Amino acid sequence: MKIKNLFKLVLPVLLLIVSQPAPAQLPRETEAQKAQRMKWWTDARFGMFIHWGLYALPARHEWVKNRERMTDEQYQKYFELFDPDLYNPKEWARMAKEAGMKYVVLTAKHHEGFCLWDSKYTDYKSTNTPCGKDLIKEYVEAFRAEGLKVGFYYSLIDWHHPDYTIDSRHPQRQESDEEYEKLNKGKDMNRYREYMKNQVRELLTNYGEISIIWFDFSFPGKNGKGRQDWDSENLLKLARSLQPGIIVDDRLDLRDVEGGWDFTTPEQYKVAKWPEVNGKKVPWETCQTFSGSWGYYRDEYTWKSPEQLLELLIESVSKGGNLLLNVGPTARGTIDYRAQERLKAMGEWMKFNNRSIYMCTQAPEEFTAPPNTLLTFNPETRRLYVHLLSYPMGSLTLSNMADKVKYVQFLHDASEIRFGTGREASANDLTLQLPVQKPPVIIPVLEVFLK
Ligand code: GLC
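What you are looking at is a predicted structure, and each value in this text was computed from that prediction instead of being measured.

Cut-offs used in this document
- Residues numbered from 1 in each chain as written.
- Predicted model: local features only at pLDDT ≥ 70, side-chain atom pairs only at ≥ 80, totals over all residues.
- Heavy atoms only, no water.
- Phe/Tyr/Trp six-rings, centres within 6.5 Å; stacked < 30°, edge-to-face > 60°.
- Helix = DSSP H or I, 4+ residues; strand = E, 2+ residues; numbered from the N terminus.
- Buried < 20%, exposed > 50% of the residue type's maximum accessible area, 1.4 Å probe, protein only.
- Axes fitted to C-alpha atoms, helices over the stretch in contact; angles between N-to-C directions.
- Parallel < 35°, antiparallel > 145°, perpendicular 65-115°, else oblique.
- Contact = heavy atoms within 4.5 Å.
- Nonpolar A, V, L, I, M, F, W, Y, C, P; charged D, E, K, R; others polar.
- Pairing = 2+ DSSP bridges.
- Patch = residues over 30% accessible without salt bridge, like charges linked within 9 Å, V, L, I, M, F, W, Y side chains within 5 Å.
- Areas by Shrake-Rupley, 256 points an atom, 1.4 Å probe, with all protein chains shown as cover.
- Salt bridge = Lys/Arg side-chain N within 4 Å of Asp/Glu carboxyl O.
- Lys, Arg positive; Asp, Glu negative; His and termini not counted.
- Charge placed at Lys NZ, Arg CZ, Asp CG, Glu CD.
- pLDDT = per-residue confidence, 0-100.
- Expected span 1.5 Å × (residues − 1).
- Polar contact = N/O pair within 3.5 Å; in protein donor to acceptor, adjacent residues only side chain to side chain.

(A) Local environment of the packing of aromatic side chains. Going through the model one piece at a time under the given rule, you end up with 29 aromatic pairs. Taking the centre distance of 5.1 Å and the plane angle of 80° together, the rings of W52 and W92 count as edge-to-face. With a gap of 40 residues between them, W52 in the loop between β1 (46-50) and α4 (64-67) and W92 in helix α6 (residues 89-99) connect regions that are remote in the sequence. Here W52 falls in the buried class, since its relative accessible area comes to 1%. With 6.1 Å between their ring centres and 20° between their planes, Y153 and W214 make a pair best called stacked. Of this pair, Y153 sits in strand β3 (residues 149-155) while W214 sits in strand β4 (residues 212-216), and the two are 61 residues apart along the sequence. As far as burial versus exposure is concerned, Y153 and W214 are alike and both buried.

Below you can see the structure in the form of structure tokens.
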């Protein structure tokens, strides 16, 4: 072969290699850099989770396909009937904003596999239902217009994709290894991994700046799925390369990998204290529902009261965390009246008291919370917030704080709270003189100006 011909052959290959983007890396950041990247999120403290998909039609839990072990054929009717004619994400965005929420995360795809956007890689999407629309596009625009940061939830689990192998959390789960083997014959997780990457690329390329991605979830072990099944590292590298600032949850099964997650996600429970990993406090967000399920559930009556929900928010901040509070819109595309009532009540409180939430965190250890109160603290303004969960009669003692306090007021109306030394208090205790009547605020807040 002539040298020229050889060159002709090799050159394109060389060019191809050179033009490939360098393999993306997981971020190697200092703690300070990571804190800076996440600052808007830790300052925000309060976000909206939205679980919406075909499961809104059966209206009895987003795991209905799994719980009732439905086949694709049995579940198909929901796809054929999906027609959220009242969908108006501008209304959702307004409700979130008025509730005091600063960011939002919507299930672009949940475990059922149904996609709310016009994905090139599947037919199982909103545009092919009577709905006929790319719901993600309108969502992104509406929430952005209200000034909220926009995020996506993307289910790793997929109960519809033909190459997704049947596992212990699947509607078609089995009893024996032989049965699994039989059912999974011909399924190719390689193709599914490719599918996820393609979809994540779409979501993080076609909709402008995306601030959060919530992958859900891993369950490694026998008949389970974990990092190898998802190719978690490369999936995450892809996400980070497309949206460098993106904030990522910890459900890719990469807890021990540097840069493998940004925040931890205690689900449906109150943490006892600020969660730690290797002795270090880590960013965290508790995700919670109004009632039990994430998707719209018509007959569920275990709704938390506005007071309980506010306490959840305050308590999260008092331990250095965020609250992601979920709504499950109906199949018409509206937000249930019970959710609306609660969002309204929270918004009413937030309107006057958000100074004790935004940019706040756990109070320094030198301050002890009096009984039935929760403390939050703004490190920049150095103000301490005392949340009165049960309204005290006449006075409240802040122990060992007499030398630290300059001024105290109610947060909701900036009215002065006078203080002195109580009758039974020790020398450095401070006794606040509260009005006998509880002010008309679900949870009144005292704003303490420190010296
Ligand atoms: C769980 C559930 C899921 C829900 C999620 C929210 O992992 O599988 O239905 O979306 O929690 O955190």
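(B) Region of the structure containing the packing of α6 against helix α13 (residues 337-353). Between α6 and α13, the least distance of the axes is 7 Å, while the angle of their chain directions is 40°. As summarised for this structure, α6 and α13 are arranged oblique, according to the angle between their axes. Touching M95, E98 and A99 of α6 are Q340, L343, M346, G347 and M350, all from α13. Grouping the constituent residues of the contact of α6 with α13 by class yields five nonpolar, two polar and one charged.

(C) The sheet that holds strand β12 (residues 395-398), seen in detail. The strand order β12-β15-β14 describes an open sheet built from three strands, whose pairing is antiparallel. Among the strands making up the open sheet, the edge pair consists of β12 and β14 (418-420). In this sheet, adjacent strand axes meet at a mean angle of 30° when their direction is disregarded.

(D) Fine view of a negative patch on the surface. A contiguous patch of negative charge, built from E175, E178, E179 and E181, is present on the exposed surface. Looking at the element boundaries, E181 is found in helix α8 (residues 177-184).

(E) Spotlight on the pattern of salt bridges. Summed over the entire model, instances satisfying the criterion amount to 35 salt bridges. When the shortest N-O distance is used, the salt bridge between D253 and R227 registers 3.7 Å. Of the two residues, D253 is situated in the loop between β5 (247-248) and β6 (276-277) and R227 in helix α10 (residues 227-230); the sequence distance between them amounts to 26 residues. The partner of K319 in a salt bridge is E315, and the shortest N-O contact between them spans 2.8 Å. By relative accessible area, which is 15% here, K319 ends up buried. A residue is classified by how much of its surface remains accessible, and E315, at 13% relative accessible area, is buried. A cluster of three or more residues bridged by salt bridges with shared partners is formed by E29, R37, R240 and D262.

(F) Inspection of the confidence of the model for the protein at higher detail. Model confidence for the protein is summarised by a mean pLDDT of 95, while 94% of its residues fall at 70 or above. In this model residues 18-23 is a low-confidence stretch, pLDDT under 50, and it forms zero contacts with partners more than four residues away in sequence or in other chains.

(G) The arrangement of α13 in detail. Taking 1.5 Å of rise per residue, 17 residues should cover 24 Å, and α13 covers 24 Å from first to last C-alpha, within 8% of that figure. Check the buried side of α13 and you find it contacts β1, α6, α12 (306-318), β9 (322-327), β11 (383-388) and β16 (445-450). The N-cap of α13, judged by a side-chain oxygen 2.7 Å from the amide nitrogen of R338 a few residues on, is D336.

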